[in-house]
Amino acid sequence: MNKARTRFAPSPTGDLHIGGIRTAIFSWLLARSTAGEFYVRLEDTDQERYVAGAARRIMQSFDWLGIDLDGGPDHAELATMKADEDYAGALVDGEAKGVPGPFVQSHRLPIYKQWSEWLVEHGFAYRANETPEELQRMREAAQAQKQTFVFREEMRIRTDIQPDEPHVIRMRVLPRDGRVEFDDLVKGHVGFENANVDDQVLLKMDGFPTYHLAVVVDDHLQGVTHVLRGDDWLPSAPKHVLLYRYFGWPQPAWAHVPNVLGTDGKKLSKRHGAQSVFEFRDQGYIPEALINFLALLGWAPGGGDEQNVFTRAELFAKFSMAGVGSSPAVFDYNKLDWLNGVHLRRLEVHDLANRLIPFLEKEGIAIDSDARREMLVKIAPHISERIKKLTEAAPLVDFFFADIATPPADMLIGPKMEKHLSLHALRTSIALIEKVTPFDDATLEKSLRDLCNDLQLKPNQLFSIIRNAVTGKSVTPPLFATLAILGRETVLERLARAEKQLQAG
RNA sequence: GGCCCCUUCGUCUAGUGGUUAGGACGCAGCCCUUUCAAGGCUAAAACACGGGUUCGAGUCCCGUAGGGGUCACCA
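Residues numbered from 1 in each chain as written. Chains lettered and ligands numbered in written order. Predicted model: local features only at pLDDT ≥ 70, side-chain atom pairs only at ≥ 80, totals over all residues. Heavy atoms only, no water.

J.: What am I meant to see in the overall build of chain A here?
T.: Helix and strand counts for chain A come out as 19 helices and eleven strands. For 505 residues, the compact-globule estimate of 2.2 N^0.38 gives 23 Å, and chain A exceeds it by more than 25% at 32 Å. When the backbone C-alpha atoms are referred to their principal axes, chain A occupies close to 105 × 45 × 45 Å. In chain A, which comprises 505 residues, the share counted as buried stands at 51%. Element-wise, carbon and sulfur atoms account for 52% of the exposed surface of chain A, whose accessible area totals about 22,600 Å². (Helix = DSSP H or I, 4+ residues; strand = E, 2+ residues; numbered from the N terminus. Rg over C-alpha atoms; globule rule 2.2 N^0.38 Å. Buried < 20%, exposed > 50% of the residue type's maximum accessible area, 1.4 Å probe, protein only. Areas by Shrake-Rupley, 256 points an atom, 1.4 Å probe, with all protein chains shown as cover.)

Right, dumping it as structure tokens:
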């Protein structure tokens, strides 16, 4: 496979959506799987829709996901963006791997001006200046006749436009009656009648290019080999194919990837739940899982390979455009949750503990000392198979870090047991736990199991009493490890309080 | 409405003319088990419909239906 140079080109109008991220992931994987380059370009050609801070947050999304770039806006470039804050990350070195910048389209205005004039000079474009109202009337007229509206130069109301007066530049679709056909890596061979292709505005009255001119010019100048984008772009692809022809530039490979749908089969939106990368992050998903899941949404290794869980290195090795499907995919939270659990369990304990900290602190469990950090590290392996998301950890560990309310008496009576029997079991356990040595997982297990025999109790009967007394909950990490981590002193203190409670109740 | 795209279990998918249509998530059951999980095993579950082509069609062709996208001096 030849090296692919791909790009992701969001417009800074808000946070990156999950659908956009998936397109970015495909582009990134294509580049990495071919030892090519992947870079980011900011398409800020619409002055009206620009959102301050969006550019920075987009770059941070890549940062958090661990999607590495070979080019993109650097500090200096980002800092010049209208009303933007400084970008705090340090992941992009503007032209890291020889992709020429600038990477922000508003910094490239002279380039678009130059190439649009080139098109006019060579007969591939012309000047026009109809007002929005005039255009609207034309559209309505076409609509009334159930026709596709296409602007053509003879429809111009003013034809004597001078280069120095306000005007737009429109592409001239040629020939009038042909067809534009091209091969798409995911959609196959597609074709459009020229008669249905609009004489698209390329350069706006304000001197900014439209998307159509800007992508073509930038992708060519920046050496993009594969144009990956959402398939909502497919209807305008013929315009781009034509532009490449007019310029005499080699066509890139086209790949229009299907959209991501919500559970109801509609395009993913707010009511389907999380949308932006940051929302997923805050809900306790980890990048490893998100990337794995998104890659699988619309792509499969094929060839009888039935792997579902992938590390990023495995994705680099196995990704190929041939495996990208042509139909839209429904976003399935069940599978994401499962994958998140799988990847959580693969994390090294210190790594897991570190990722847990902010989520615990949000629940009021401060991990603010070395002792507490060490305790978390000991706990981590015992909860990793009990949580699917980082947000689920707090209720499983809170009793390690804060004292508990003494459980009510009825919680301290074992299943199918009487009060006096439970009280006896509790007292014997206390006596035993006072002298168990060493106070570790294995020894505690052995001693307490022996005690079950002595008392002729089922493990569940004795253990549930101790669990409830020490943790205040009926669902916890494994009991013996829990006791060992908590330490003899704390365990005995809680057991003593429980004994008192049960006796009184 | 015009143009374009899409259609295998509920969901993500494998499949490239001959398969008991495979896997994963979820769901159900069983096993394991100190709780909850994790893990193991088993089960239920799909080729949208109608015509062709062919000895033979999920796979090729044509329709139909359904879904989606797009028709801006927005991307």
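J.: For this particular structure, what's the right way to read the packing of aromatic side chains?
T.: Summed over the entire model, instances satisfying the criterion amount to 26 aromatic pairs. Consider the rings of phenylalanine 463 and phenylalanine 480, whose centres lie 5.1 Å apart with planes at 90°: the pair is edge-to-face. Of this pair, phenylalanine 463 sits in helix H17 (residues 459–471) while phenylalanine 480 is found in helix H18 (residues 479–486), placing the two residues 17 residues apart along the sequence. With respect to class, phenylalanine 463 is no different from phenylalanine 480; both count as buried. Here a set of aromatic residues connected by ring pairs shows up, and it is made of Trp115, Trp118, Phe124, Phe182, Phe192, Tyr244, Tyr246, Phe247, Trp249 and Trp254. The positively charged end of arginine 170 is found above the aromatic ring belonging to phenylalanine 151, 3.8 Å away from the centroid. (Phe/Tyr/Trp six-rings, centres within 6.5 Å; stacked < 30°, edge-to-face > 60°. Lys NZ or Arg CZ within 6 Å of the ring centre and 35° of its normal.)

J.: Where do I start with the pairing of strand S2 (residues 37–40) in this structure?
T.: If a strand is regular, its side chains alternate between the two faces of the sheet. What you see with S2 is no split at all: Glu37 and Tyr39 on one side and Phe38 and Val40 on the other are buried throughout. Direction of pairing for strand S1 (residues 5–8) relative to S2: parallel, over a ladder of four bridges. Across the sheet, the residue bridging to arginine 5 is glutamate 37, located in S2. Assessed by its sense of winding, the connection that carries the chain from S1 through helix H1 (residues 18–33) to S2 is right-handed. (Pairing = 2+ DSSP bridges. Right-handed = clockwise from strand over helix to strand, strands pointing away.)

J.: It is not clear to me how unusual backbone geometry should be interpreted in this structure. Could you clarify?
T.: A negative phi angle characterises most non-glycine residues, just as the trans form characterises most peptide bonds. Note that the residue after glycine 101, namely proline 102, is joined by a cis bond; omega there is -5°. Within the secondary structure, proline 102 is located in the loop between helix H3 (75–79) and helix H4 (109–121). Of the consecutive residues leucine 174 and proline 175, the connecting peptide bond is found in the cis state with omega at -10°. Looking at where proline 175 falls in the secondary structure, it is placed in the loop between strand S4 (168–171) and strand S5 (179–184). Backbone geometry at alanine 35 places phi at a positive 60°, although glycine is not the residue there. The class of alanine 35 is exposed, set by a relative accessible area of 52%. For lysine 146, which is not glycine, the phi torsion reads 55° and is therefore positive. Note that lysine 146 resides in the loop between helix H5 (132–144) and S4. The exposed category is assigned to lysine 146, whose relative accessible area is 78%.

J.: In this structure, what is going on with the protein's contact with RNA strand B? I would like to understand it.
T.: Near RNA strand B lie 62 residues; those nearest to it are Arg139, Lys204, Glu385, Arg386 and Arg467. Here a base nitrogen of RNA strand B and a backbone polar atom of glutamate 130 are 2.7 Å apart. Residue arginine 170 places a side-chain N or O atom 3.5 Å away from a phosphate oxygen belonging to RNA strand B. Put simply, the parts of the chain that give the surface near RNA strand B at least two residues each are H5, S4, strand S6 (188–193), strand S11 (329–330), helix H11 (333–346), H17 and H18. Of the residues that constitute the surface near RNA strand B, the class distribution is 25 nonpolar, 17 polar and 20 charged. (Near = heavy atom within 4 Å. Polar contact = N/O pair within 3.5 Å; in protein donor to acceptor, adjacent residues only side chain to side chain. Nonpolar A, V, L, I, M, F, W, Y, C, P; charged D, E, K, R; others polar.)

J.: When you look at the sheet that holds strand S3 (residues 125–128) in this model, what are you seeing that I'm missing?
T.: As a general point, the strands of a sheet are linked pairwise by backbone hydrogen bonds and lie either parallel or antiparallel. Pairing is antiparallel across the open sheet formed by three strands, whose spatial order is S3-S4-S7. Two strands bound the open sheet, and with one partner strand each, they are S3 and strand S7 (201–203). Neighbouring strand axes in the sheet, compared pairwise and without regard to direction, differ in orientation by 45° on average. The pairing of S4 with S7 spans two bridges and is antiparallel. Paired with isoleucine 169 across the two strands is leucine 203, which belongs to S7. (Axes fitted to C-alpha atoms, helices over the stretch in contact; angles between N-to-C directions.)

J.: Just checking my understanding: could you explain the environment of lysine 473 for this structure?
T.: Along the chain, lysine 473 turns up in the loop between H17 and H18. For the pair lysine 473 and isoleucine 404, spaced 69 residues apart in sequence, the C-alpha separation works out to 9.6 Å. Among all residues touching lysine 473, those that are not within four sequence positions of it are Pro395, Asp398, Phe399, Met411, Arg467 and Asn468. One polar contact links the side chain of lysine 473 to the main-chain carbonyl oxygen of proline 395, over a distance of 2.7 Å. (Contact = heavy atoms within 4.5 Å.)

J.: Whenever I open this one, the environment of histidine 272 confuses me. Can you help?
T.: Summarising the element assignment, histidine 272 is placed in the loop between strand S10 (260–261) and helix H8 (277–282). A relative accessible area of 15% places histidine 272 in the buried class. Along the sequence, histidine 272 and glycine 178 sit 94 residues apart, while their C-alpha atoms lie 43 Å from each other. Among residues more than four places away in sequence, those in contact with histidine 272 are Gly262, Thr263, Asp264, Lys266, Lys267 and Tyr333.

J.: What is the right way to read the side chain of aspartate 198 from this model?
T.: With respect to the secondary-structure elements, aspartate 198 resides in the loop between S6 and S7. Every residue in contact with aspartate 198, bar those within four places of it in the chain, is listed here: Phe149, Val150, Phe151, Arg152, Arg170, Met171, Val173 and Lys239.

J.: Sorry if this is basic, but what is going on with the layout of surface pockets here?
T.: One way to see where empty space is left: roll a probe the size of a water molecule over the atoms. Size it by volume and the largest pocket reaches roughly 1,100 Å³. Lining the largest pocket we find 38 residues, and of these Pro10, Ser11, Gly20, Asp232 and Trp233 sit closest to its centre. Among the elements of the structure, S1, H1 and strand S8 (226–230) are those that each provide at least two residues to the lining of the largest pocket. The element contributing the most residues to the lining of the largest pocket is H1, with five residues. Here the residues of the lining of the largest pocket sort into 14 nonpolar, 13 polar and eleven charged. Considering only enclosed or pocket space, the second largest pocket measures out at about 410 Å³ in volume. If you go around the second largest pocket, you meet 18 residues; those closest to its centre are Leu135, Arg139, Val168, Arg170 and Val201. Among the elements of the structure, H5 and S4 are those that each provide at least two residues to the lining of the second largest pocket. Here the lining of the second largest pocket gets three residues from one element, more than from any other, and that element is H5. (1 Å grid on protein atoms, 1.4 Å probe; cavity = no way out; pocket = protein on both sides within 12 Å on 5 of 7 lines; lining within 4 Å. Points joined across faces, edges and corners; volume = space filled by probe spheres on them.)

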